[in-house]
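Chains, contacts and geometry: an overview
For reference, the chains in residue letters:
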Amino acid sequence: MVDSSHPNSSDTLLQNHDAEDHHNHSSLGSTIDKCIGELNWTQLLQALLISFSWFFDGQQTFITIFTDAQPSWHCMDEPCSSASNMCSLPKESWAWDGPIHTSIISEFGLECSSSFIMGLPASMFFMGCLVGGFVLATLADSSLGRKNMLFFSCLIMSLSSFLATFSTNVWIYSAFKFLSGFGRATVGTASLVLVSELVAKGWRGKLGVMGFFVFSLGFLTLSPLAYVNRGFSWRNLYLWTSLPALLYCGLIYFFAHESPRWLLIRHKKEEAVEILKSITSTTHNNLNLAISSLSLEEEVWNADLYSILKIMLQKKWSSRRLLVIMAMGLGIGLVYYGMPLGLGILSFNLYLSVTFNALSEIPSTLISYILLDKFNRRSAIFLLTMVSGISSVLATMEGTIMTRLQIVFELISFSCACAACDVALIYTTELFPTPVRNFALSLARETVALGGAISPVLVAASRKHRFLCYGVFGMVIGCSGMFVVCLPETEGKTFCDSMDEQERKQELLE
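Remember, predicted model here, so these are calculated numbers, not experimental data. Throughout, residues of each chain are indexed from 1 in the direction in which the sequence is written. For a predicted model such as this one, the threshold for reporting local features is a pLDDT of at least 70, and the threshold for listing and counting side-chain atom pairs is 80 or more; totals across whole chains, interfaces and linings nevertheless cover every residue. Working from all heavy atoms in the structure, the side-chain values ignore hydrogens and water.

Regarding the overall build of the chain
For the purposes of this entry, the term helix denotes a DSSP run of H or I that reaches at least four residues, the term strand denotes a run of E that reaches at least two, and both are numbered from the N terminus. In terms of helices and strands, the chain carries 25 helices and 2 strands. Buried, partly exposed and exposed residues are distinguished by accessible area as a fraction of the type maximum, computed with a 1.4 Å probe on protein chains only: under 20%, between the cut-offs, and over 50%, respectively. Expressed as a percentage of the 510 residues in the chain, the buried residues total 54%. When checking whether two residues touch, look at their non-hydrogen atoms; a contact exists if any pair is within 4.5 Å. Of the contacts made within the chain by residues no fewer than 6 positions apart, 81% connect residues no fewer than 24 positions apart. Accessible surface is estimated by sampling points in the Shrake-Rupley manner with a 1.4 Å probe; for residues, cover comes only from the protein chains shown. A total of about 21800 Å² of accessible surface is found on the chain, and carbon and sulfur atoms cover 66% of it.

This is the structure:
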């Protein structure tokens, strides 16, 4: 629970820590954990403020479901049939059911364009996510920091979405969608890392899950917003989502705190101390004494894409962790994104299936919270991936009873994949030290997205062989979950704040 009623508890911890390390330099991670102490209201409000970025992330990720939808139409002349292909009919023989500006398809006249053109804006958004994930990932670890990365990511995403309302054709609109995806790529990453570095180690997983829950809420708000906006321009939906996001950017800039861990490894002690003073109940004298006793090790490599990859691949422990996390992410992403795409092969109403899948993301977040509280990270991921894999395979079974249960197995598999994704991302923040934490998490999220990019191929192939969809999904996520046994447990462990410190800890484990 939140504890702000014992101002001397952190002082006692610091005194005990000083006694234990009387002949040794204090480590940065253990000192900051003891300075931060128990969760208080300031830390909780900071976590809430930072995690709310996921709300706008969820909205912009799925907004094209409504803005780029194919509107319904009706016939105007007797020879016309609503079952006909509108592109084979004279333009004057049919009309849209609603105003022409309700969708980009009708306003830009894309109804007879190729599927590539109609899907271009959504494709450009995810292409922007891939590019932004690699280009921006290292900036949070190097020059910008966590807070500024979150601010600029949200600003690029929301400003591009706002400017999309002024698009005059599909090409300009697609360009703004690319920029929105480019900015969006690091919103969740910077948010999760910043929250985990502002609170004590016992609360990292519990508060990290909060962002995933807020993401689901953002997704769910699109339906009522689109319903209220029916009959009006698709541009209104972008205005209603981008303007609050721009205001939120101001809140982040003025009220969010930077990570004291990142500030300290960048040798900005004064700023780090000021932030620690504002979020902890530790007395200022003890806090200054604890920070001043630190022996900070400066990394000798530059924090750019090439140098980070090079140093992580050169070290055995970091390369192994990175490859395992990416292998798990690929399997989890295949199911997380592929399950909804394959709903059409099930013997169940498609519209209800999609609704159930959207709603199931909320309980999956609660499952993540419970598992992070009751189980260690490795056991939670192993359990979730196994249940997801078995349920996915069962969804391919035939027969009267099994056919009726297909949607049940699909929902179980999808919910477990969502929860496994949540736990794996939090686990990643704990596996890597501060100088590369944001980059490692970005790679993990990119691998999940890569799994989603592969899934449509299997879904298309399943039209002839059903097992190639859910059967393969189940086998892949089940096998990928087994890789977790190659990773160390991190529950309740202190963050490491340099590659050398992490390597020394790894040598002790071996």
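Following the structure, the description resumes.
A word on the packing of helix H3 (residues 41–51) against helix H11 (residues 187–198)
Following both chains from N to C, one finds H3 and H11 inclined at 175°, their axes separated by 9 Å at the closest point. Relative to H11, the element H3 lies roughly antiparallel. Only Ser-191, Leu-194, Val-195 and Leu-198 of H11 make contact with H3, whose side of the interface consists of Gln-43, Gln-46, Ala-47, Ile-50 and Ser-51. Classes in brief: Ala, Val, Leu, Ile, Met, Phe, Trp, Tyr, Cys and Pro nonpolar; Asp, Glu, Lys and Arg charged; the others, Gly included, polar. For the contact of H3 with H11, the class distribution of residues is 5 nonpolar, 4 polar and no charged. Working convention: axes come from line fits to C-alpha atoms, limited for helices to the stretch in contact. Angles between N-to-C directions cover 0 to 180 degrees. Oblique is the label for any angle not covered by the other classes, which are roughly parallel (under 35 degrees), roughly antiparallel (over 145) and roughly perpendicular (65 to 115).

Things to note about the packing of aromatic side chains
Aromatic contacts are taken between Phe, Tyr and Trp rings whose centres are within 6.5 Å, Trp giving its six-membered ring; a plane angle under 30 degrees counts as stacked, one over 60 as edge-to-face, and the others as tilted. One pass over the structure, following the stated rule, counts 18 aromatic pairs. With a centroid separation of 5.1 Å and an interplanar angle of 85°, the aromatic rings of Tyr-253 and Phe-254 are classed as edge-to-face. Phe-254 gets classed as exposed once you look at its relative accessible area, which sits at 65%. Charge over a ring is defined by NZ of Lys or CZ of Arg lying within 6 Å of the ring centre and within 35 degrees of the ring normal. If you follow Arg-204 out to its NZ or CZ, it ends over the ring of Phe-495, 3.8 Å from the centre.

Structural notes on the layout of surface pockets
Counted as a void, the largest pocket has a volume near 1600 Å³. By residue number, the principal contributor to the lining of the largest pocket is helix H23 (residues 434–461), which donates 10 residues. Across the lining of the largest pocket, the residue classes break down as 28 nonpolar, 12 polar and 5 charged. Cavities and pockets were defined on a 1 Å grid built over protein atoms only: a cavity is a set of grid points that admits a 1.4 Å probe from which the probe cannot escape, a pocket is an open set flanked by protein on both sides within 12 Å along at least five of seven lines, and lining residues are those with an atom within 4 Å of any such point. Grid points are joined across faces, edges and corners, and a volume is the space filled by probe spheres set on the points.

Overview of the nonpolar core
Working definition of a nonpolar core: buried Ala, Val, Leu, Ile, Met, Phe, Trp, Tyr and Cys residues. They are joined through side-chain atoms within 4.5 Å. By size, the foremost hydrophobic cluster in this structure holds 118 residues, and its most contacted members are Leu-150, Leu-207 and Met-312. Residue contributions to this core peak at 16 residues, all from helix H22 (residues 400–431). Aside from chain neighbours lying at most four places away, what touches Met-312 is Ser-318, Ser-319, Leu-322, Phe-432, Val-436, Phe-439, Ala-440 and Met-499. Counting 5 residues, the second-largest nonpolar core is a separate cluster that includes Met-86, Leu-89, Trp-94 and Trp-96.

Describing H11
In a helix, the anticipated span is given by 1.5 Å times the number of residues less one. Compared with an ideal rise of 1.5 Å per residue, which puts 12 residues at 16 Å, H11 spans 17 Å between its outermost C-alpha atoms and is within 8% of the ideal. Most of H11 is tucked away: 12 of the 12 residues are buried.

Considering the confidence of the model for the chain
pLDDT: the predictor's confidence for each residue, scored from 0 to 100. Here the chain averages 80 in pLDDT, while 82% of its residues score no lower than 70. Predicted confidence is poor over residues 1–26, with pLDDT under 50, and the contacts of this stretch with residues over four places away or in other chains come to 43 contacts.

Regarding the side chain of Thr-61
Tracing the chain through its elements places Thr-61 in helix H4 (residues 53–62). Here a polar contact means two N or O atoms within 3.5 Å. Within protein one must be a hydrogen donor candidate and the other an acceptor candidate, and residues neighboring in sequence count only if both atoms are side-chain atoms. Among the polar contacts made by the side chain of Thr-61, one reaches the side chain of Arg-184 at a distance of 3.3 Å. Leaving out residues up to four positions away in the same chain, Thr-61 has contacts with Phe-125, Phe-126, Arg-184 and Phe-215.

Some details on unusual backbone geometry
Most peptide bonds adopt trans geometry, and most residues besides glycine take a negative phi value. Here His-267, not a glycine, exhibits a phi torsion of approximately 60°, which is positive. One can find His-267 in the loop between helix H14 (260–265) and helix H15 (269–279).

Quick word on the environment of Ser-223
On the secondary structure map, Ser-223 appears in helix H12 (residues 204–228). Owing to a relative accessible area of 41%, Ser-223 belongs among the partly exposed residues under this scheme.

Considering the environment of Ser-442
Within the secondary structure, Ser-442 is located in helix H23. Classification of Ser-442 as buried rests on a relative accessible area of 4%. Separated by 14 residues in the primary sequence, Ser-442 and Thr-428 place their C-alpha atoms 9.7 Å from one another. The residues touching Ser-442, leaving out its near neighbours within four places in the chain, are Gly-133, Ala-137 and Thr-189.

Observations concerning the packing of helix H9 (residues 145–163) against helix H13 (residues 234–255)
Closest axis-to-axis distance for the H9/H13 pair is 8 Å, and the angle between their directions is 160°. The pairing of H9 with H13 is recorded here as roughly antiparallel in orientation. Both H9 and H13 take part in a crossing whose hand is left-handed. Counting all contacts with H9, which are made through Lys-147, Leu-150, Phe-151, Cys-154, Leu-155, Ser-158, Leu-159, Ser-161 and Phe-162, the residues of H13 involved are Tyr-238, Leu-239, Ser-242, Leu-243, Ala-245, Leu-246, Tyr-248, Cys-249, Ile-252 and Tyr-253. Crossings are sorted by hand: turned counterclockwise from the far helix by less than a right angle, the near helix makes the crossing left-handed, and turned clockwise it makes it right-handed.

Observations concerning the pattern of salt bridges
Note that side chains of opposite charge can pair when their charged atoms are close. Salt bridge criterion: a side-chain nitrogen from Lys or Arg within 4 Å of a carboxyl oxygen from Asp or Glu. This model, assessed by the stated rule, comprises 11 salt bridges. The partner of Arg-146 in a salt bridge is Glu-197, and the shortest N-O contact between them spans 3.0 Å. Of this pair, Arg-146 sits in helix H9 while Glu-197 is found in helix H11, placing the two residues 51 residues apart along the sequence. Accessibility assignment for this pair places Arg-146 and Glu-197 in one class, buried. Note that Glu-503 is salt-bridged to Lys-315, the shortest N-O span being 2.8 Å. Placement of Glu-503 in helix H25 (residues 499–509) and of Lys-315 in the loop between helix H17 (305–314) and helix H18 (316–341) is noted, with a sequence separation of 188 residues between them. The class of Glu-503 is partly exposed, set by a relative accessible area of 24%. Shared partners join several salt bridges into a network, and the residues in it are Asp-141, Arg-146, Glu-197 and Arg-437.

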